[in-house]
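Report on the structure
Here's the letter readout for the chains.
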Amino acid sequence: MSARRRRRAAAEQEEEEEEEEEEEEEAAEEAGSDKEGDLEERLHELDLRSDSDIPDVPPPTDSTPEILKRALSGLSARWKNWWIRGILSLAMISGFFLIIYLGSFMLMLLVLSIQVKCYHEIITIGYRVYHSYDLPWFRSLSWYFLLCVNYFFYGETVADYFATFVQRREQLQFLIRYHRFISFALYLTGFCMFVLSLVKKHYRLQFYMFAWTHVTLLITVTQSHLVIQNLFEGMIWFLVPISSVICNDITAYIFGFFFGRTPLIKLSPKKTWEGFIGGFFSTVVFGFIFSYFLAQHQYFVCPVEYNSETNRFVTECEPSELFQMKKYSVPPLLQAVLGWETVNMYPFQMHSFALSTFASLIGPFGGFFASGFKRAFKIKDFADTIPGHGGIMDRFDCQYLMATFVHVYITSFIRGPNPSKLLKQLLILQPEQQLSVYKTLKSHLVEKGILQPSLRG
């Protein structure tokens, strides 16, 4: 009997423990749901409070030239905006082609100018939103960090592409050899200045602006550096992506203006599915045709290199296989439609399809991201630099995302070993290091049977 009682007592105790565990779980669930509800309420209150803290943005000024205002005075607001955007778009495209004609160096200066202006527009929004005009040193520190980051990236570019030029100047050799240490020291100076500028009752605001500055640097400086890296691979890698984004922006606007009925995304109420789809097909066709014309000219397809003898950028080379006409078989399904069994085209035109597809399907999300950013801070445009278009950042929000994709695409699918770049790096080495590389390369070629062993061994 004692054994039965013990078993019964153990079973009753287990039942009591299970009941207690169930009660604890129910209480925890109730507490969790209460916490979740409280958390949702707090987040909602915080969201409302943060929205109310954002100051009302003054209405944007109308920067439209007076001559255009008078010429378009009889039109409705919708058509007036259409004509202003169209005329300014043609003017910007014409200026862009003029800079292309002036050469790659002018394109680099254009990219740098756009980067600085975009940085200025985003930083100015931060100043206004967070009322940070009176913070000590902060405006100066923002521009100081811009200089530091540009010094780092452009110094890396000089070391990679201007090695022979640097080798001839001793003062530049010192700067290139210790470039990363100097860049870090410059940044560290700005970091210490920021810490010293911290003032009581403004700590959180100052750290807001510190983070704002660094995110802006990441968006503008890093991406513009990639644009220049793409340009050095050949102007075609610069022109086709940028032109595809411009084409998609224009054609999507036109299709949306005339045929748009179905909203695409709430962040941009004026974007429609009709404009999105029409922009996609137009961009793919444009990229294919535009690539065909560019691939015929060395000026556009050759890598941009610096000639230290003439102190000029040159674009002369034997075009790679990407830019040599080849014959391709047309898929059987398309043969019945086109009536062609084969077609002659440049291999780069197939890559242009990938670039155009990204520019028209994924590129617009850079614009949607910018729209979300502007809605978060209750602004219509980043600035009013370009009538009918907004600020410079409003026109290049998709370009930065595109530049990153092109850089990743080139490094993943296109770029191979670069003998010219490797030779420049070898010329920087000390004579004994160059001799060691020569002996190692010679023995390797002898082992592969490419070179005959010398009689002296």
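The structure displayed is predicted, hence computed values, not measured ones.

This part is about a nonpolar patch on the surface. A cluster of nonpolar side chains, contributed by Leu75, Trp79, Trp83, Ile87, Ile254, Phe255, Phe258 and Phe259, occupies part of the molecular surface with about 700 Å² of accessible area. Of all the secondary-structure elements, those providing two or more residues to the nonpolar patch are helix H3 (77-102) and helix H10 (235-259). In terms of residues, the nonpolar patch owes the most to one element, H10, which gives four residues. One can find isoleucine 87 in helix H3.

Right, let's talk about the packing of helix H4 (residues 104-129) against helix H9 (residues 203-232) for a bit. Taken N-terminus to C-terminus, the directions of H4 and H9 make an angle of 165°; their axes are 10 Å apart at the nearest point. By the angle between their directions, the pair H4 and H9 is classed as roughly antiparallel. Seen from above, H4 lies across H9 with right-handed handedness. Along its contact with H4, which presents Ser104, Leu107, Met108, Val111, Gln115, Cys118, Tyr119, Ile122, Ile123, Ile125, Gly126 and Tyr127, the element H9 presents Met209, Trp212, Thr213, Thr216, Leu217, Thr220, Val221, Ser224, Val227, Ile228, Leu231 and Phe232. Its residues assigned to classes, the contact of H4 with H9 shows 17 nonpolar, seven polar and no charged.

Next up on the list: the pattern of salt bridges. Per the stated rule, a full pass over the model turns up five salt bridges. Close ionic contact of arginine 395 with aspartate 249 constitutes a salt bridge, the shortest N to O distance being 3.0 Å. Pair noted here: arginine 395 is in helix H16 (residues 392-414) and aspartate 249 is in helix H10, with a separation of 146 residues, a long-range link. With relative accessibility at 27%, the residue aspartate 249 sits in the partly exposed group.

Its place among the elements puts asparagine 230 in helix H9. Beyond its immediate chain neighbours, meaning those up to four positions away, asparagine 230 contacts Trp237, Ala403, Val406, His407 and Ile410.

The next thing to look at is the UniProt feature "transmembrane region" (unreviewed entry) in the protein. The UniProt record marks residues 82-102, 137-154, 174-196, 208-228, 234-260, 272-295 and 348-370 with the feature "transmembrane region" (unreviewed entry), using the residue numbering of this structure. Regarding residues 137-154, the helix share stands at 94% and the strand share at 0%, and the terminal C-alpha atoms are separated by 25 Å. Between the C-alpha atoms that bound residues 208-228 there is a distance of 30 Å. The span itself is 100% helix and 0% strand.

The rules behind these values
- Residues numbered from 1 in each chain as written.
- Predicted model: local features only at pLDDT ≥ 70, side-chain atom pairs only at ≥ 80, totals over all residues.
- Heavy atoms only, no water.
- Patch = residues over 30% accessible without salt bridge, like charges linked within 9 Å, V, L, I, M, F, W, Y side chains within 5 Å.
- Areas by Shrake-Rupley, 256 points an atom, 1.4 Å probe, with all protein chains shown as cover.
- Salt bridge = Lys/Arg side-chain N within 4 Å of Asp/Glu carboxyl O.
- Helix = DSSP H or I, 4+ residues; strand = E, 2+ residues; numbered from the N terminus.
- Axes fitted to C-alpha atoms, helices over the stretch in contact; angles between N-to-C directions.
- Parallel < 35°, antiparallel > 145°, perpendicular 65-115°, else oblique.
- Left-handed = near helix turned anticlockwise from the far one by under 90°.
- Contact = heavy atoms within 4.5 Å.
- Nonpolar A, V, L, I, M, F, W, Y, C, P; charged D, E, K, R; others polar.
- Buried < 20%, exposed > 50% of the residue type's maximum accessible area, 1.4 Å probe, protein only.
- UniProt positions renumbered as here; feature names shortened; annotations may be inferred.

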